[in-house]
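What follows is each chain in one-letter form.
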Amino acid sequence: MNPPNSSRTSAGAPDGVRRLRFDVAARPFLVLFELTRACDLACAHCRADAHAGADPGELSTGEVLGVLDDLASLGAPRPIVVLTGGDPLQREDLDQLVAHGARGGLTIAVSPAGTPRATAERLAGLRRAGASTVSLSLDGASAERHDAFRRVPGSFAWTVDACRAARAVGLRLQVNTTVSHETVLELPALSHLVDELGANLWSCFFLVPVGRGRALSPLSAGETEDALRFLASLARHVPLKTTEAPHYRRLVAAEPPPGRGPAPGPLAGALEERFEALAARSWTAPRHARRPPLAVGDGQGVVFVSHRGDVSPSGFLPLVVGNVRQQPLTSIYATAPLLSALRDPTRLAGRCGRCAQRDTCGGSRAQAFARTGDVLAEDPSCGFEPAVATAGPSAAMPPATLQPVAPSGRAARER
Ligand code: SF4
């Protein structure tokens, strides 16, 4: 949810990434705020383990307003706050929350589920309340593929209608796509659909095998490289970013780090073939300069708040570092030992610890934790073999201090 030309970021860095203009250790850039787990869809792979009714323990209106006030008190540049779920449209106080956050100077985005609740009227109300952006999920480029993935007939049509309505009422649009074995061959057709819908940003989320996401099949490191190369080839036509695949930054860096990535595999050819089959389609948007990726990550500018107030580095990294019912979010973010460790690239182990890209990539900490149980391990979803050894992990913090302060009641979260 990164507005282009944001005053929060600097562009044109020699290593090809945008950096925040402020100290990422002092304040978050992006707060993913799960308002509820209630959702009419309850997709089989949902990170949030969403269900039909609201959890009686979810944060009250007053508690959510308190978190927004705390974030607003940081002053400019204030964080971007994504109100997510479950389906945030299930909260009757949503417009009030959006209006309050916007009045406080926060950039407010809303991530509704693609259901009949996401009407043009409802989206217009969010716009009037002060929301800047909506993000909606499309995991297939046709009703057949998307509905099969979501296992909810009609969800493709509802989502596409909501995308068009969002643009019509003046909201910025972000389209989110889960990238896994089940969806990856949809990327060529989805790129054209995202373009046709006039999306401002396409966020390709590389599946983290946690929670209900274990029902899906994540790409191997070699397949991830093939998919990232394909996305990089599209980036002058479609503004895109990756989520939980920060090694995309290595592939688009002006000067790639020394080392060796995986050779192209069968997926590279399959994606190319599918894309060429669509060659008759032309792009709607003019070709543009590729937008440099932003050097943020789980706990490094990004933080997640659950519907019960638990704070984690991201929705996919189920390590709880505090709760907003006991401590202000801004204080948790600045002081939690786990978050401090995630901001220190010298703590990374394995290939990520040796990689010249560790300061601007550092691997997905959620992928590392989900696949190895060690949040500071090398990212197994990256197949890069660094050629140059840099300093290894620091011994300043013993591993025991990296454990969560309280266990999460949920196995996993997804943003
Ligand atoms: S080895 Fe780690 S730091 Fe280097 S590109 Fe891969 S994920 Fe990033």
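Above this text you will find the structure in question.
Note that the structure is predicted; figures quoted are calculated from it, not measured.

**Q** What is the right way to read the overall build of the protein from this model?
**A** A count of helices and strands for the protein gives 13 helices and 15 strands. Across the 415 residues that make up the protein, the buried fraction comes to 53%. Looking at the protein alone, contacts between residues at least 24 apart form 75% of all its contacts between residues at least 6 apart.

**Q** Just to check I follow, could you spell out the pairing of strand β6 (residues 133-137) for this structure?
**A** With five of five residues buried, β6 lies mostly within the body of the structure. Here β6 shows two buried faces, one formed by Thr 133, Ser 135 and Ser 137 and the other by Val 134 and Leu 136. In terms of strand pairing, strand β5 (residues 107-110) meets β6 through two bridges, oriented parallel. Each residue of the ladder has a partner; that of Val 110, found in β6, is Val 134.

**Q** I would appreciate a short explanation of the site of the ligand in the present structure.
**A** The environment of the ligand is formed by 15 residues, the closest being Cys 352, Cys 355, Cys 361, Gly 363 and Cys 382. Here the shell around the ligand is built from residues that sort into six nonpolar, four polar and five charged.

**Q** Could you clarify how one ought to interpret the nonpolar core in this entry?
**A** Buried together is how nonpolar side chains tend to be arranged in soluble globular proteins. Ranked by size, the top nonpolar core spans 104 residues in total, and within it Val 81, Leu 83, Val 134, Val 175, Ala 227 and Leu 231 carry the most contacts. When sequence neighbours within four positions are dropped, the list of residues in contact with Leu 231 reads Cys 204, Leu 240, Thr 242 and Tyr 248.

**Q** Explanation requested: the packing of helix α7 (residues 221-234) against helix α9 (residues 266-277) in the structure shown.
**A** Helix-helix packing is characterised by the crossing angle of the two axes and by the distance between the axes. Running from amino to carboxyl end, α7 crosses α9 at an angle of 30°, the nearest separation of the two axes being 8 Å. Judged by the inter-axis angle, α7 sits roughly parallel to α9. Handedness of the crossing formed by α7 with α9: right-handed. On α9, the residues touching Glu 223, Asp 226, Ala 227, Arg 229 and Phe 230 of α7 are Leu 267, Ala 268 and Leu 271.

**Q** Looking at this model, I keep getting lost on helix α2 (residues 94-103). Mind explaining?
**A** The α-helix advances 3.6 residues per turn, and as a result positions three or four apart in sequence lie on the same side. Buried within α2 we find Leu 94, Leu 97, Val 98, His 100 and Gly 101. In an axial view of α2, the angular spread of the buried residues amounts to 165°, which keeps them on one side of the axis. For α2, the elements touching its buried residues are α1 (61-72), β4 (80-84), β5 and α3 (120-129). Once α2 finishes, Gly 105 follows within two positions and takes phi at roughly 90°, a positive value.

**Q** How do you make sense of unusual backbone geometry when you look at a structure like this?
**A** When glycine is set aside, most residues are seen to have a negative phi, and most peptide bonds are trans. Here the amide bond leading from Ala 76 into Pro 77 is cis, since omega sits at -5°, within 30 degrees of zero. Within the element layout of this structure, Pro 77 appears in the loop between α1 and β4. With omega at 20°, the peptide bond leading from Gly 85 into Gly 86 counts as cis. Structurally, Gly 86 is set in the loop between β4 and α2. The phi dihedral of Arg 151 is positive, around 60°, even though this residue is not glycine. Inspection of the secondary structure puts Arg 151 in the loop between α4 (143-150) and α5 (155-168). C-beta crowding within 10 Å serves as the criterion here: with 12 such atoms nearby, Arg 151 is assigned to the exposed category.

Analysis parameters
Residues numbered from 1 in each chain as written. Predicted model: local features only at pLDDT ≥ 70, side-chain atom pairs only at ≥ 80, totals over all residues. Helix = DSSP H or I, 4+ residues; strand = E, 2+ residues; numbered from the N terminus. Buried ≥ 20, exposed ≤ 12 C-beta atoms within 10 Å, placed from the backbone. Contact = placed C-beta atoms within 7 Å. Pairing = 2+ DSSP bridges. Near = placed C-beta within 6 Å. Nonpolar A, V, L, I, M, F, W, Y, C, P; charged D, E, K, R; others polar. Core = buried A, V, L, I, M, F, W, Y, C linked by C-beta atoms within 7 Å. Axes fitted to C-alpha atoms, helices over the stretch in contact; angles between N-to-C directions. Parallel < 35°, antiparallel > 145°, perpendicular 65-115°, else oblique. Left-handed = near helix turned anticlockwise from the far one by under 90°. Arc of directions from axis to C-beta.

Purely geometric numbers; function is a separate question.
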